Amino acid sequence: MSQEKIPVTVLTGYLGAGKTTLLNRILTEDHGKKFAVIVNEFGEIGIDNELIVDADEEVFEMNNGCICCTVRGDLIRIIEGLMRRKGKFDAILVETTGLADPAPVAQTFFVDADVQKETRLDAIVTVADAKFLSDRLKDAPEAKNQIVFADVILLNKTDLVSRAELEEVEARIRGLNPYAKLYHTKKCDIALDKVLDRHAFELDRILDLDPDFLTVEEHDHGHHDHDHGHDHHHHDHDCAPDCDHEDHHHAPKVLHDDEVKSVAIEIAGPVDPDLFLPWINEVVQRDGPDILRSKGILAFPNEPRRYVFQGVHMILDGDLQREWKPDEKPNSRIVFIGRKLKEKELREGFRACAAFQTA
Ligand SMILES: Nc1nc2c(ncn2[C@@H]2O[C@H](COP(=O)(O)OP(=O)(O)OP(=O)(O)O)[C@@H](O)[C@H]2O)c(=O)[nH]1
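Keep in mind that what you see is a predicted model, and the values were worked out from it rather than measured.

### Some remarks on the packing of helix α10 (residues 273–287) against helix α11 (residues 343–351)
And then number 1: Two elements in contact, α10 and α11, have axes separated by 10 Å at closest approach and are oriented at 160°. By the angle between their axes, α10 is roughly antiparallel relative to α11. When the axes of α10 and α11 are compared, the crossing they make is right-handed. Contacts from Phe276, Trp279, Val283 and Arg286 of α10 reach α11 at Glu345, Leu346, Gly349 and Phe350.
And then number 2: In terms of residue class, the contact of α10 with α11 is built from five nonpolar, one polar and two charged.

Shown next, in the form of structure tokens:
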């Protein structure tokens, strides 16, 4: 019996570009396929996972941490675990955080012998925010690598820009990556055969860009020491428990923006929408340029459904979604990701929205 390698699609793109929107579209479309989904998020209170549709698919969470640790640890471990249950799924989808450099993720599929035997990297699919990508290419190193490494690019949110703006951002993308297939989308509305089973990842092109891409094997497992002129900083977050920070200078080329931090806040119980909605509007109107991303899952008093809000800079979106499940605590959680976040003010502001103030 021939052993088909399992195709892996890596979904990447900067914060808020539409990765989860695409993932949910893939999972809910009627394709008869069974996916294993691996997600990796930035921000410690597990909101992203909860925003993935309630599909039959199992969702595996990669350790919330620096992707270079994740590559050495969680991703390999999860994939090895999945391989022991072969036949239960047809393909693997990996959604990276908006702050991930896709290079080390892609590398995993070539440098780890066990992973390589069983899987093939089908394509790196990058979702690009038509409204904000041009700005992020100027100040966020990860955003650039997400475009450079892409095999397929969804230039998403075309509804938010004019024709001229769209042409401008497309030209910027083409300047970085003339090879990728590029599609214009709204809400990542795309035929799935344009993103799945593409056989698109081209190692040769990547080796042209990064001749050291495969040299990891020559060193100790997962180590790779070369300098492309970018420093490797790490975020204000916890790396995997087994992460040896001293090793970071040996890690694969990783582009991080150490100014980007996250602030996660949780209230035990509901918030008052009449307090919360004006507050969040004011926060993003005032600090939107620095708040790259905000999102939350909230409980409102006497409301059986969860209120989910999403923000990208000053653009806010929110609605009541499914009901709280009996085993879920109806708490209210929000996370902000950005630069120069006013942490104290955000914490106090959110806490002041609690529906039932405790003394
Ligand atoms: N106007 C508009 N909004 C969109 C479009 N696609 C997605 N959005 C909205 O953009 C917000 C972010 O979308 P997500 O799919 O959560 O983005 P993401 O890339 O997964 O975000 P992170 O995981 O936080 O990096 C949500 O409010 C979406 O509803 C689009 O084409 N047009």
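Additional details are given in the paragraphs that follow.
### Quick look at the site of the ligand
And then number 1: Taken together, 20 residues surround the ligand, and among them Lys19, Thr21, Lys187, Arg293 and Lys295 come closest.
And then number 2: At 2.9 Å, a backbone N or O of glycine 18 approaches an oxygen atom of the ligand.
And then number 3: Within the side chain of threonine 21, one N or O atom sits 2.5 Å away from an oxygen atom of the ligand.
And then number 4: Alone, the ligand offers 670 Å² of accessible surface; in the complex the protein occludes 90% of this.
And then number 5: Those elements giving two or more residues to the shell around the ligand turn out to be α1 (19–28) and β9 (291–298).
And then number 6: At three residues, α1 tops the list of elements feeding residues into the shell around the ligand.
And then number 7: In the shell around the ligand, the residues fall into four nonpolar, six polar and 10 charged.
And then number 8: Here the shell around the ligand spans two domains, since at least three of its residues come from each of domain 1 (6–201) and domain 2 (261–353).

### Here's the deal with the packing of aromatic side chains
And then number 1: This model, assessed by the stated rule, comprises seven aromatic pairs.
And then number 2: What links up through ring pairs into an aromatic cluster is the set Phe276, Trp279, Phe309, Phe336 and Phe350.
And then number 3: The cationic tip of lysine 131 hangs over the ring face of phenylalanine 132; the distance from NZ or CZ to the ring centre is 5.9 Å.
And then number 4: Cation over ring: arginine 306 sits above tryptophan 324, and NZ or CZ is 5.9 Å from the ring centre.

### Re the nonpolar core
In globular proteins that are soluble, nonpolar side chains generally tend to be buried together.
And then number 1: One finds Val10, Ile38, Leu82, Ile92, Phe109, Leu121 and Phe201 to be the most contacted residues of the largest nonpolar core, which totals 28 residues.
And then number 2: Per-element accounting of this core gives the leading share, six residues, to helix α3 (residues 67–83).

### Focus: α10
And then number 1: Relative to the 21 Å expected for 15 residues at 1.5 Å per residue, α10 spans 20 Å between its end C-alpha atoms, a close match to the ideal helical length.
And then number 2: Along α10, the residues classified as buried are Phe276, Trp279, Ile280, Val283, Val284 and Asp287. Axial view of α10: buried residues confined to an arc of 120°, hence all on one face.
And then number 3: N-cap assignment for α10: the residue whose side-chain oxygen lies 2.8 Å from the backbone N of aspartate 274 is aspartate 272.

Reading guide: rules and limits
- Residues numbered from 1 in each chain as written.
- Predicted model: local features only at pLDDT ≥ 70, side-chain atom pairs only at ≥ 80, totals over all residues.
- Heavy atoms only, no water.
- Axes fitted to C-alpha atoms, helices over the stretch in contact; angles between N-to-C directions.
- Helix = DSSP H or I, 4+ residues; strand = E, 2+ residues; numbered from the N terminus.
- Parallel < 35°, antiparallel > 145°, perpendicular 65-115°, else oblique.
- Left-handed = near helix turned anticlockwise from the far one by under 90°.
- Contact = heavy atoms within 4.5 Å.
- Nonpolar A, V, L, I, M, F, W, Y, C, P; charged D, E, K, R; others polar.
- Near = heavy atom within 4 Å.
- Polar contact = N/O pair within 3.5 Å; in protein donor to acceptor, adjacent residues only side chain to side chain.
- Areas by Shrake-Rupley, 256 points an atom, 1.4 Å probe, with all protein chains shown as cover.
- Domains from an automatic or database assignment.
- Phe/Tyr/Trp six-rings, centres within 6.5 Å; stacked < 30°, edge-to-face > 60°.
- Lys NZ or Arg CZ within 6 Å of the ring centre and 35° of its normal.
- Core = buried A, V, L, I, M, F, W, Y, C linked by side-chain atoms within 4.5 Å.
- Buried < 20%, exposed > 50% of the residue type's maximum accessible area, 1.4 Å probe, protein only.
- Expected span 1.5 Å × (residues − 1).
- Arc of directions from axis to C-beta.

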